[in-house]
Amino acid sequence: MSSVTGNKVQENGYKQLSFFHSANHLPIGELEGNKIAPEKAAEMLRKRGVDISVEQAAQILELLRKFAHIVVSQHLESQRQNVMRKAD
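Residues numbered from 1 in each chain as written. Predicted model: local features only at pLDDT ≥ 70, side-chain atom pairs only at ≥ 80, totals over all residues. Heavy atoms only, no water.

Enquirer: What exactly am I supposed to notice about the overall build of the protein here?
Expert: Scanning the protein for helices and strands turns up two helices and two strands. In the protein, the order of α-helices and β-strands from amino to carboxyl end is β-β-α-α. The buried share among the 88 residues of the protein stands at 14%. Taking the intrachain contacts of the protein between residues at least 6 apart in sequence as the baseline, contacts between residues at least 24 apart amount to 29%. Summed over all atoms, the accessible surface of the protein reaches about 7,100 Å², with 58% contributed by carbon and sulfur. (Helix = DSSP H or I, 4+ residues; strand = E, 2+ residues; numbered from the N terminus. Buried < 20%, exposed > 50% of the residue type's maximum accessible area, 1.4 Å probe, protein only. Contact = heavy atoms within 4.5 Å. Areas by Shrake-Rupley, 256 points an atom, 1.4 Å probe, with all protein chains shown as cover.)

Here it is in structure tokens:
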């Protein structure tokens, strides 16, 4: 299970978010195959002291989806290359 907790303001005025496993928060397994609505993301962050708009939450979620896509694509390409090398 993973969640956003432990927010603290850095010298530059931005809040630093830390991620850790905890039984007190929404398990990642409950999110698989579903998208988090921007409203829900904004609400979850507000409860942890991060005040963002629904529009900002939507932008953050889109960026996270793009990052996830890149990571998965790179991993799959790496796996494909490993299989190709072993076949040679």
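Enquirer: Just checking my understanding: could you explain the packing of helix α1 (residues 38-46) against helix α2 (residues 54-87) for this structure?
Expert: When two helices pack together, their arrangement is captured by the angle between the axes and the distance separating the axes. At a closest axis distance of 8 Å, the pairing of α1 and α2 adopts a crossing angle of 105°. Taken together, α1 and α2 sit at an angle that is classed as roughly perpendicular. Residues P38, E39, A41 and A42 of α1 lie in contact with α2, whose contacting residues are V54, A57, A58 and L61. (Axes fitted to C-alpha atoms, helices over the stretch in contact; angles between N-to-C directions. Parallel < 35°, antiparallel > 145°, perpendicular 65-115°, else oblique.)

Enquirer: Got a minute to help me understand a nonpolar patch on the surface in this structure?
Expert: On the surface, I60, L63, L64, F67 and I70 cluster together into a nonpolar patch covering about 450 Å² of accessible area. Mapping F67 onto the fold places it in helix α2. (Patch = residues over 30% accessible without salt bridge, like charges linked within 9 Å, V, L, I, M, F, W, Y side chains within 5 Å. Salt bridge = Lys/Arg side-chain N within 4 Å of Asp/Glu carboxyl O.)

Enquirer: Could you clarify how one ought to interpret the environment of L61 in this entry?
Expert: Within the secondary structure, L61 sits in helix α2. Residues L61 and P38, spaced 23 residues apart in sequence, show a C-alpha to C-alpha distance of 7.2 Å. Non-local contacts of L61, meaning those with residues more than four positions away in its chain, are made with I36, A37, P38 and A41.

Enquirer: What exactly am I supposed to notice about the pattern of salt bridges here?
Expert: Opposite charge on two side chains makes pairing possible when the charged atoms of those side chains draw close. This model, assessed by the stated rule, comprises three salt bridges. Taking the shortest distance from any N to any O, the salt bridge between D51 and R46 comes out at 3.5 Å. Given the relative accessible area of 66%, D51 is considered exposed.

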